[in-house]
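Each chain, written out:
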Amino acid sequence: MGMVPFSYKSTSIVATFIFVTCVKILCIPAYRSTDFDVHRNWLAITRNLPLKKWYFDDINKTTVHTLDYPPSFSFFEYLISTSPLTNWLVSSGRLDERCLALLPDYDNDPSEACVVFHRGTVILSDIILWIGAFSACKTYQNFLLTVLNPGLLWLDHVHFQYNGAMLGILIGSLGQLVKGKNATGRAYHYHHMASCFLYSLLLTMKHLYLPLAPLYFIYILSTYCLRNNKLLLFNFLSVAAITAGTLLLPFLPFLIQKEPIEQMLQIASRLFPFARGLVHDYWAANVWAIWMLADKLAQKVAGFSLPEISPSLCALLLITGLLPGLYCAWKATPRTFLYCVVFCGLSSFMLAYHVHEKAIMTAIIPLATFCHDKNDKRLFLRLNTFGLVGLFPLLFRPIELPLKLMSLISYMALTYHLFGEIKMMRIDWLGLAFVFVVVWFLEIFHPIAIFPRMEFLPLLCTSITCALGLIVCWISAGNLMVLSSTLQR
Amino acid sequence: MTTSLKISMFSTLILLRILVGYQPHSGQDNYHGKLNAYGGDYEAQRHWMELTYHLPIGDWYWYDLEYWGLDYPPLTAYVSLFCGYFSDKLIGADSVALYTSRGYEDPIHKAYMRATVLLLDTLIYVSVAWVSTKGSDKLHNRKSLWSLTFALTQPALVLIDHGHFQYNCVSLGLALWGFYYMTKDHFLNCVIGSVFFCLALNFKQMTLYYAPVVFAYLLGRCFSKEAKFFLSRFCTLGITVIITFGILWWPFLYYLPSQNQDLSTGERLTHVIHRIFPFQRGLFEDKVANLWCALSTKPISIRTRISESMQPLASMGLTLTLILPACCKLFCVGKLNETSPKHHGDFQLLLWGSASTALAFFLASFQVHEKSILMALAPISLLVWSDSCFTHWFAIVATWTLWPLLCVDRLEVAYSCMMTLYLVLVWIFVDNYPIGLSSCFNNNLMTRTILPLSGFGMLSLHILQLMVPPPSTLPDLFPVMWSIAGCGMFCISWSVTCWHLYYGMGTIKDKKI
């Protein structure tokens, strides 16, 4: 398929936006996870409590939905919960006060108006994704692939989160870096500074993207701050100042409180809850899921346990996993850098502590913005297949099964169409067959025939299958990254 | 058009139906507060699954008539039995337990019910839309994909079947299959078509709206070869119809209800027919966009001017007058089928004709329900390339007239989303095919007068209803305004269908695009 520049089909972009927004609105009555209650609680906290209590309060220990995102996100919630529009909705009676009140976990059922209001904030925040995609994608096909991904539909508009906005900021930042490479004069500096600002802002909103920080550092240092191995002082100082400023600013209101150290410690303990364990309840499809399976098998079959993975060992392994990306990012072209981002995103998904399945979107969405040649496309198709199927257990009700299946089929078929004809290799057919069997087992056979025995088995199968598939994607992404890096040298 | 694009489009259209299915169904949580009969159409359908699954066949039309008694023809009952069986096995005996399952509301059971509608929709309606819009050659592939998209994104159909909860897709799909086969060349196809049409009639009696024009067309087909073939053809069709009806109806003639062991066959038959055609109810009930409702507002107040006994006759007379143009034309078309070698477009003309009679019945007939507009919408939705401006306009108007019903069902959000989606699709369509916003029927009148005026009118009424509460002396002001405006637009629609039957043989594809 030919690549079309963006000025073309602007009516299509608006039309697609309206179409997709209608789809999201129709999802309002669907399943909501506890993340809905979590975010509602954060609205309540930021609206009703003074700043110094935001990270401390747990409503007399009646809630587990305490604030555990960095300060910028708290301010984002604060903006929503105290905006003039929200106040008008409450005062005119359209939104009940209870929606924004501090409620204990056993009594926090939201009213219908509350659900609509809250889902509405997610739908509106998706504009950030669209803006980011518009600035980062060079072709219309990439744009569509980025904004139409069903993973975001399931995570944001059903399960409930704000991933779209976060990823929008990320790809916006990446887009600025790409634009900055070929810019001249003031635009050159502006793009790089904007990229640093956006990424720093993202870090203060959701620290999930922290593993990408060394990558940014290496890339910007080597391509923007160094020339002929000499440090460009102005460039270095400007980005350092912007980064430091953006990172520090959201914490400032907490630092000027009565006991700043205590505030910082509390925020740190909330942001990095190492007590939660190596794997999430649903066993995200990463290396640790395979490790846990191996551990259980070793215990059952041979009677010994595999060594325990402490948070520090995990961090060490994570850094090791990121190293290839950091190496390739030194003086890389923007294209190589983007491969590094995808690779590092996958590394952090595979090796980090207490990873959630949602984190796979950090690798998928950036890849969507730039996948161009045959190998990229193949990686994208495989990554989506295993990554999105790994998300299936999150929407576990049978009611959402048709939604998951139809949106996945629709997106994969559209992707396949936009990519022109890609020949499927034998390994792809094998992988697809595996995925098919796993999904059938997870969604149809187990619930009807085996449930309630072996409750964890389908989750295990899904995690392991997707983990194996994603490891292949991880290696493949690394391969493409190294290839791109060696080609440029 | 690659296969993957078609798959993507299909999945998206099914996804839309699934998403509308997440919205409340009619009578969810007994929202209307009815005490004697819980809920609405959804509970009625569930109740029929319950009674057909548990009771002997003789009792089906006799059991507890006050609580959602069965009032559709036998095929609905058989389909309900099938669905009830699987509900019992997949969801649990609680969902269709005799008597104790009344008012049963469970999210998984709701998903099952929605799934039955979706499955039947896909098997019967989507299939006929696919088959009848398929392009004859590769050149027209993109256009057939557009046809299919519009045929399957009809807001009114999706909202009523997958939102409100009904099985219109089955009867409409079967009727369209009937039309598809009937209009093919060989006479055997007419027989197959008439079987499908009988099945449609036996699923929902509203399919009778199409019956006059189907009868006229088939009669014409009987005449289309030499005179000696007329009798054999006529008898073949007659026997086919009798056999089809016979197979479906014989249990109700043979088995006796357990309560009333000494009813004669005739009495049983009359009872079932009275359940299906409740003529005792009167000219109209709620505010519907038909002539009788519109004319019964003051100062015309037609309901008081015509006496009760005259009303059925007046209704019948007016209906007969309005269906006449379509029937005459389709009779001639049928007659020409085998005599004129250059004939084509029978299927299109039959679609126009059936839309015409459906509108005629809707406007002038007895006990019309708002949802009956779907009978006119289904054929018209397949005619995008015949007259795209009118098709899109009619789709919007039909959905708009359903607004009062959808408000009661709390489907306002679904309505807004589906209307917006459809308008966006029309926007993209017109962007790609500028001729898409033109009409064969008096282009200027349609696009410059009717379209903007009606669009403005519909939007204004929506805004008015949102902003201004109705005065206390006229509490039903808005539904009445809806029915009057709807009636006017349907009268225009009926004229357009008649025009297309007599003058409109050219389709847009013949003109330069």
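Computed from a prediction, not measured in an experiment: that's the story for all the values here.

Turning to the overall build of chain B, a few remarks are in order. Tallying secondary structure elements over chain B gives 21 helices and zero strands in all. Relative to the compact-globule value of 24 Å for 513 residues, chain B shows a C-alpha radius of gyration of 23 Å, a close match. In terms of overall dimensions, chain B has C-alpha extents of about 65 × 65 × 60 Å along its principal axes. For chain B, contacts bridging at least 24 residues in sequence account for 77% of all contacts bridging at least 6.

With that out of the way, let us pick up a nonpolar patch on the surface. Residues Val437, Trp440, Ile444, Phe445 and Ile448 of chain A together with Phe82, Tyr85, Phe86 and Leu90 of chain B make up a contiguous nonpolar surface patch of about 890 Å² in total accessible area. Residue assignment for the nonpolar patch shows that the elements contributing at least two residues are helix H20 (426-450) of chain A together with helix H3 (74-91) of chain B. Looking at the nonpolar patch element by element, the count peaks at five residues for H20 of chain A. If you trace the backbone, phenylalanine 82 of chain B turns up in helix H3.

Attention now moves to the interface of chain B and chain A. Between chain B and chain A, the contact holds 28 residues from the first and 26 residues from the second. A buried area of about 2500 Å², summed over both sides, lies between chain B and chain A, and 81% of it is on carbon and sulfur atoms. For chain B, the biggest contributors to the area lost against chain A are Leu19, Tyr22 and Trp427 of chain B; these three give 23% of the whole. Summed over the shared surface of chain B and chain A, the result is zero salt bridges. At the junction of chain B and chain A, the tally comes to five residue pairs in polar contact (both at pLDDT 80 or more).

Turning to empty space enclosed by the protein, a few remarks are in order. Residues and elements named next belong to chain B. With the rule as written, the count across this model stands at seven cavities of 30 Å³ or more. Reported here for the second largest cavity is a volume of approximately 50 Å³. Of all the elements in the fold, those that place two or more residues in the lining of the second largest cavity are helix H4 (107-133) and helix H6 (155-165). Class assignment of the residues belonging to the lining of the second largest cavity gives a composition of four nonpolar, one polar and three charged.

Attention now moves to the nonpolar core. Counting residues in each nonpolar core, the largest one holds 320 residues, and the members touching the most others are Phe179, Tyr210 and Phe394 of chain B. When residues no more than four places from it in sequence are discounted, the contact partners of phenylalanine 179 of chain B are Phe197, Tyr210, Val214, Phe347, Leu350, Leu351 and Ser354 of chain B.

Put simply, chain A has an average pLDDT of 90, and 98% of its residues get 70 or more. Every residue in residues 1-5 of chain A scores below 50 in pLDDT, and together they form 13 contacts with partners more than four places removed in sequence or on other chains.

With that settled, the discussion passes to the confidence of the model for chain B. Residue and element names in this part refer to chain B. Counting all residues, the mean pLDDT for chain B is 88, and 95% of those residues have values of 70 or more. Across chain B, the secondary-structure element scoring lowest on mean pLDDT is helix H13 (residues 302-305), at 74, and the one scoring highest is helix H7 (residues 168-182), at 96. Across residues 506-513, confidence stays below pLDDT 50; counting only partners more than four residues off in sequence or on other chains, it has 22 contacts. For this predicted complex, the interface confidence comes out at an ipTM of 0.92, alongside a pTM of 0.93.

All names here are of chain A. Interhelical geometry of helix H14 (residues 287-302) versus helix H21 (residues 457-488) gives an angle of 130° and a closest axis separation of 8 Å. On the basis of their axis angle, the class for H14 and H21 is oblique. Regarding H14 and H21, the two cross each other, and that crossing is left-handed. Mapping the contact onto sequence places Val287, Ala289, Ile290 and Leu293 in H14 and Leu460, Ile464, Ala467, Leu468, Ile471 and Trp474 in H21. Looking at the contact of H14 with H21 residue by residue, the class counts come to ten nonpolar, no polar and no charged.

Turning next to the side chain of threonine 497 of chain B. Mapped onto the elements, threonine 497 of chain B comes out in helix H21 (residues 477-502). Setting aside residues no more than four positions away along its own chain, threonine 497 of chain B makes contact with Trp352, Ala355, Ser356, Leu359 and Ile380 of chain B.

What follows is about unusual backbone geometry. Residue and element names in this part refer to chain B. The backbone of aspartate 64 shows a phi angle near 35°, a positive value even though the residue is not glycine. For aspartate 64, the position within the fold is in the loop between helix H2 (41-54) and H3. Since its relative accessible area comes to 31%, aspartate 64 is described here as partly exposed. Positive phi, normally seen in glycine, also occurs at glutamine 367, with a value near 50°. Looking at where glutamine 367 falls in the secondary structure, it is placed in the loop between helix H15 (346-364) and helix H16 (373-381).

When the sulfur atoms of two cysteines share a covalent bond, that bond is a disulfide. Scanning all chains against the criterion turns up one disulfide over all chains. A disulfide bridge connects cysteine 99 of chain A with cysteine 114 of chain A, and the sulfur atoms are separated by 2.2 Å. Disulfide cysteine 99 of chain A-cysteine 114 of chain A: torsion about the S-S bond near 65°, hence right-handed. Note that cysteine 99 of chain A is positioned in the loop between helix H4 (84-91) and helix H5 (112-136) and cysteine 114 of chain A in helix H5, a separation of 15 residues in sequence. Take cysteine 314 of chain A: it sits in no disulfide, and the sulfur closest to it among the cysteines is that of cysteine 344 of chain A, at 15 Å. No disulfide involves cysteine 327 of chain B; its sulfur sits 6.9 Å from the nearest other cysteine sulfur, which is in cysteine 328 of chain B.

With 18 residues, helix H16 (residues 334-351) of chain A ought to run about 26 Å at 1.5 Å a step, and its terminal C-alpha atoms sit 25 Å apart, in line with that. With respect to burial, H16 of chain A is a largely interior element, 17 of its 18 residues being buried.

With that settled, the discussion passes to the packing of aromatic side chains. Two numbers describe a pair of aromatic rings. These are the distance of the centres and the angle of the planes. A complete count under the given rule lists 71 aromatic pairs over all chains for this structure. Note on tyrosine 31 of chain A and phenylalanine 396 of chain A: the rings are 5.2 Å apart at their centroids and 70° apart in plane angle, and the pair reads as edge-to-face. One end of the pair, tyrosine 31 of chain A, is in the loop between helix H1 (10-26) and helix H2 (34-48); the other, phenylalanine 396 of chain A, is in the loop between helix H18 (374-390) and helix H19 (401-418), and 365 residues separate them in sequence. Judged by its relative accessible area of 46%, phenylalanine 396 of chain A is partly exposed. Counting every residue linked through ring pairs, the aromatic cluster contains Phe36, Trp42, Tyr69, Phe73, Phe76, Phe160 and Tyr162 of chain A. One residue, arginine 102 of chain B, lies across the ring of tyrosine 67 of chain B, its end atom 4.1 Å from the ring centre. The ring of tryptophan 385 of chain B has lysine 143 of chain B sitting right over it, with the charged end atom 4.9 Å from the ring centre.

To continue, consider the pattern of salt bridges. Summed over all chains, the structure comprises 16 salt bridges over all chains. For glutamate 443 of chain A, the salt bridge goes to lysine 404 of chain A, with nearest N and O atoms at 2.6 Å. Note that glutamate 443 of chain A is positioned in helix H20 and lysine 404 of chain A in helix H19, a separation of 39 residues in sequence. Given a relative accessible area of 0%, lysine 404 of chain A falls into the buried group. Where glutamate 50 of chain B meets arginine 46 of chain B, a salt bridge forms, and the shortest distance between an N and an O atom there is 2.9 Å. Within this pair, glutamate 50 of chain B and its partner arginine 46 of chain B are both found in helix H2, separated by four residues, close to a single helical turn. Like glutamate 50 of chain B, the residue arginine 46 of chain B is buried in the burial classification.

The next subject is the environment of serine 309 of chain B. Residues and elements named next belong to chain B. Mapped onto the fold, serine 309 is located in the loop between H13 and helix H14 (310-339). A relative accessible area of 58% means that serine 309 is categorised as exposed. Residues serine 309 and isoleucine 273 lie 36 residues apart in sequence; the distance between their C-alpha atoms is 21 Å.

Conventions we followed
- For every chain, the first residue of the written sequence is number 1, and numbering continues from 1 onward in sequence order.
- Chain letters start at A and ligand numbers start at 1, both assigned in the order the entries are written.
- Where local features are concerned, this predicted model is filtered to residues with pLDDT of at least 70; where side-chain atom pairs are given and counted, the filter is 80 or more; whole-chain, interface and lining totals use all residues.
- Remark: hydrogens and water are excluded; side-chain values derive from all non-hydrogen atoms of the structure.
- A run of H or I in DSSP counts as a helix once it spans at least four residues, and a run of E counts as a strand once it spans at least two, with each numbered from the N terminus.
- Here the radius of gyration uses the C-alpha set of atoms, whereas the globule reference equals 2.2 Å times the residue count to the power 0.38.
- Contacts between residues were defined by any pair of non-hydrogen atoms, one from each residue, lying within 4.5 Å.
- Each patch is built from salt-bridge-free residues with over 30% relative accessible area, joining like charges within 9 Å and nonpolar side chains (Val, Leu, Ile, Met, Phe, Trp, Tyr) within 5 Å.
- Under the convention used here, a 1.4 Å probe and the Shrake-Rupley method define accessible areas, while residue burial counts only the protein chains that appear.
- Any carboxyl oxygen of Asp or Glu within 4 Å of a side-chain nitrogen of Lys or Arg constitutes a salt bridge here.
- Put simply, buried area is the surface a 1.4 Å probe can reach on two separate parts but cannot reach once they are joined, added for both.
- For the purposes of these results, a polar contact is taken to be a pair of N or O atoms within 3.5 Å, where, inside protein, one atom must be able to donate a hydrogen and its partner to accept one; residues adjacent in sequence count only when each atom of the pair is a side-chain atom.
- Cavity: a set of points on a 1 Å grid over the protein atoms alone where a 1.4 Å probe fits but cannot get out. Pocket: an open set with protein on both sides within 12 Å along at least five of seven lines, its lining residues, like those of a cavity, having an atom within 4 Å of a point.
- Grid points are joined across faces, edges and corners, and a volume is the space filled by probe spheres set on the points.
- Note that Gly is not counted as nonpolar here; it falls among the polar residues with everything else outside the nonpolar set of Ala, Val, Leu, Ile, Met, Phe, Trp, Tyr, Cys and Pro and the charged set of Asp, Glu, Lys and Arg.
- Grouping buried Ala, Val, Leu, Ile, Met, Phe, Trp, Tyr and Cys residues that are joined through side-chain atoms within 4.5 Å yields what is termed a nonpolar core.
- Remark: exposure states derive from per-residue accessible area (1.4 Å probe, protein chains only) relative to the maximum for the residue type, with buried under 20%, exposed over 50%, and partly exposed in between.
- pLDDT runs from 0 to 100 and stands for how confident the predictor is about each residue.
- Angles run from 0 to 180 degrees between N-to-C directions of axes, and those axes are lines fitted to C-alpha atoms, restricted for helices to the stretch in contact.
- Note that the term roughly parallel is reserved for angles under 35 degrees, roughly antiparallel for angles over 145, roughly perpendicular for angles of 65 to 115, and oblique for everything else.
- Two helices crossing with the near one rotated counterclockwise from the far one by less than a right angle form a left-handed crossing, whereas a clockwise rotation gives a right-handed crossing.
- What counts as a disulfide here is a pair of cysteine sulfur atoms lying within 2.5 Å.
- Given a helix with a known number of residues, its expected span is that number minus one, times 1.5 Å.
- The aromatic pairing rule takes the rings of Phe, Tyr and Trp, using the six-membered ring of Trp, and pairs them if the centres are within 6.5 Å, calling planes under 30 degrees apart stacked, those over 60 edge-to-face and the rest tilted.
- Note on criteria: charge over ring means Lys NZ or Arg CZ within 6 Å of the ring centre, with the direction from the centre no more than 35 degrees off the ring normal.

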